[in-house]
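What the coordinates show
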Amino acid sequence: QVQLVESGGGLVQPGGSLRLSCAASGDIFSIYAMGWHRQAPGKQRELVARITSGGSTNYADSVKGRFTISRDNAKNTVYLQMNSLKPEDTAVYYCNVDLMVPEGLRDYWGQGTQVTVSS
């Protein structure tokens with residue numbers, strides 16, 4: 001069984017920073033791409049950032065230059081450093097990880113962590 005545990009969300013003022021973490025645990029053979037999505041009230045879930053097993057990254061245009069995705073393969077963890085936060089970044093953030101498990105290649109989602117940017 002695989003678990004993804006997210007942490008780091010919260011309330012922050014505009015211009016502030018937060019760092020999200022997502023740790024994968026369980027019967028994992030290997031980890032491929034890792035990413036973060038977000039869903040604001042009344043909107044569709046959207047990709048925020050993604051990082052491949054080789055370290056290549058891609059970002060939504062709305063967060064380029066402000067957010068940085070990284071991973072620690074030894075800890076099976078993906079991070080999202082969010083700087084210069086804006087009210088429009090308010091959303092539930094979900095990590096998403098492609099894992100090779102005994103059953104094959106699977107796509108897993110975290111439980112979500114709320115990020116609120118408000119003064």
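The structure under discussion appears in the preceding block.
What you see is a predicted model; the values in this text were computed from it and never measured.

**With respect to the environment of Asp98**
With respect to the helices and strands, Asp98 occurs in strand β9 (residues 91–101). The exposure class of Asp98 is buried, given its relative accessible area of 18%. Along the chain, Asp98 and Ile51 lie 47 residues apart, while their C-alpha atoms are 11 Å from each other. Discounting residues that sit within four places of it in the chain, Asp98 has contacts with Ser30, Ile31, Tyr32, Ala33, Arg50, Leu105, Arg106 and Asp107. Polar contacts involving the side chain of Asp98 include one to the side chain of Arg50, which spans 2.8 Å.

**Topic: the pairing of strand β5 (residues 46–51)**
Bridge count between strand β4 (residues 30–39) and β5: five bridges; the pairing is antiparallel. Bridging across to β5, Trp36 finds its partner in Ala49. Linking β4 to β5, which pair antiparallel, is a turn of six residues; within it Gly42 sits at a positive phi near 75°. In terms of strand pairing, β5 meets strand β6 (residues 57–59) through three bridges, oriented antiparallel. In the sheet register, Arg50 faces β6, and the bridge partner there is Asn58. Linking two consecutive strands that pair antiparallel, namely β5 and β6, is a turn of five residues; a positive phi of about 95° is found at Gly55 within it.

**Some remarks on the sheet that holds strand β8 (residues 77–82)**
The sheet built from four strands is open, its strands ordered β1-β3-β8-β7 with antiparallel pairing. Looking along the sheet, the strands with just one partner apiece sit at the ends: β1 (2–7) and β7 (67–72). Ignoring which end each strand starts from, the neighbouring axes of this sheet average 15° apart. In the sheet, strand β3 (residues 18–26) pairs with β8 via six bridges, with the strands oriented antiparallel.

How each quantity is defined
Residues numbered from 1 in each chain as written. Predicted model: local features only at pLDDT ≥ 70, side-chain atom pairs only at ≥ 80, totals over all residues. Heavy atoms only, no water. Helix = DSSP H or I, 4+ residues; strand = E, 2+ residues; numbered from the N terminus. Buried < 20%, exposed > 50% of the residue type's maximum accessible area, 1.4 Å probe, protein only. Contact = heavy atoms within 4.5 Å. Polar contact = N/O pair within 3.5 Å; in protein donor to acceptor, adjacent residues only side chain to side chain. Pairing = 2+ DSSP bridges. Axes fitted to C-alpha atoms, helices over the stretch in contact; angles between N-to-C directions.

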